[in-house]
Amino acid sequence: MANKTVANEHHGFPWKHLIGFVLSIVLTLFALWIALETDLSLTWILIIIFGFAFLQAALQLLMFMHVTENSTKSNLTSRVQIGNILFAAFVAIVIVIGSVWVMTAGHAKHDKDQHAPKTENHENHGGGSEHDSGEHGSHE
Amino acid sequence: MAHAETHDPNTPLEYRSETGRLNILGFWIFLGAEIALFATLFATYMVLSHRVADGPALGELFEVESLLIQTFLLLTSSFTCGLAVHEMRRHNVKGLITWMAITLGLGLGFLYFEIQEFLHFIHEGANIGTSAAWSGFFVLVGTHGAHVTFGIFWVTMVLIQVAKRGLTPATSAKVFITSLYWHFLDVVWIFIFTAVYLMGMVTHNG
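Here the structure is a predicted model, which is why all the values come from computation and not from measurement. Within each chain, residue numbers correspond to sequence positions counted from 1 in written order. Each chain gets a letter, beginning with A, and each ligand a number, beginning with 1, in the order they are written. Totals for whole chains, interfaces and linings use all residues, but because this is a predicted model, local features are given only for residues with pLDDT of at least 70 and pairs of side-chain atoms are given and counted only at 80 or more.

Turning next to the overall build of chain B. Comment: elements are numbered from the N terminus, with helices defined as DSSP H or I runs of at least four residues and strands as E runs of at least two. Check the secondary structure of chain B and you find 6 helices and 0 strands. Ordered by position from the N terminus, the helices and strands of chain B form the series α-α-α-α-α-α. Referenced to the eigenvectors of the C-alpha coordinate spread, the extents of chain B come out at roughly 70 × 30 × 25 Å. We call a residue exposed when 12 or fewer other C-beta atoms sit within 10 Å of its C-beta, buried when the count reaches 20 or more, and partly exposed for counts in between; the C-beta positions come from the backbone. Here chain B holds 206 residues, and the buried ones make up 49% of them. Contact between residues is assigned whenever the C-beta positions, reconstructed from backbone atoms, fall within 7 Å. Contacts spanning at least 24 positions in sequence make up 81% of the contacts within chain B whose residues lie at least 6 apart.

Quick look at helix α6 (residues 169–205) of chain B now. Residue and element names in this part refer to chain B. Under the convention used throughout, the expected extent of a helix is 1.5 Å for every residue step, that is, one less than its residue count. The first and last C-alpha atoms of α6 sit 53 Å apart over 37 residues, in line with the 54 Å expected at 1.5 Å per residue. In the structure, α6 departs most strongly from a straight axis at M199, where the bend amounts to approximately 30 degrees. Taking burial as the measure, the 37 residues of α6 include 31 buried ones, the bulk of the element. We define the bend at any residue as the angle between the axes fitted to the seven residues before and including it, ending there, and the seven starting there.

Mapped onto this numbering, the UniProt entry annotates "transmembrane region" (unreviewed entry) at residues 18–36, 42–64 and 85–103 of chain A. With 100% helix and 0% strand, residues 85–103 of chain A has end C-alpha atoms that lie 27 Å from one another. UniProt positions are given in the numbering used here, feature names are shortened, and annotations may be inferred rather than shown by experiment.

We now examine the environment of I192 of chain B. Inspection of the secondary structure assignment puts I192 of chain B in helix α6. Excluding its chain neighbours within four sequence positions, the residues that come into contact with I192 of chain B are L140, V141, H144 and Y197 of chain B.

Now the structure itself:
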């Protein structure tokens, strides 16, 4: 990879771009189809569509943004670029999954233990079973 | 300044000056920070996306047609932006400017449909203050839209510079950096498409 000069593939027809574009369209439509037209469980739908999203992001980075490209003879710059983007992706995943996990797992427990006295919970997300102790049923 | 650097004749213009190389590398690092920025907005959105208060649920108002139009406009603009850089590396200034102009047109089209969609949501009773979920939605998607808006001005100005000064190591590095920025906006949109729209519609219907 270190010896591959960056410009060589740029004199002919832009196959890399075209392939990246077509694959992106296929992944987009396939994700939409999986999400809206199949009867898979929510968990599987989420795994598949997020898998496709990361795949498509990788396509953009590789086919359009030339993340593996080296500006010098050594392959240092491409390693810094790839390492930086991978680290950013790691940070992003930790922030998102960490936040969701903390706020949903922790919150549900809090609701049950304290019985959330002040929040008039209009949200109907499983609210029926949580409020069947009587004191909140008055506003019906 | 202009000490003779020896180059492989295949080295693209944007990598020929030290400034160009460092600016491009620096921009990759900036994109890493942008990923972290959007991650915090995604996290906020995903934590709050069920907190709809008295307003409509998110998935209730999302429409596949508008979503697909926006997605394909932005995806195609990312492709044409790649073609522009491809032409730049063949030293074809006219091709570069043509493809970049098409990219900008597609970007403007994306913004038009996004604004139409926002107005539609507001009309249906979901604005930024309606509920925590809609606040998260408008801040996340709006931040992306603001990035696209900024990108349109930035690319326009860089193109004016290219038209005036031609392709030099300096201008070509600027074009390349704006292309990275533009592709990055499409990468963010992929995740908005998935985490906001698809997830919103799936959880609403399912």
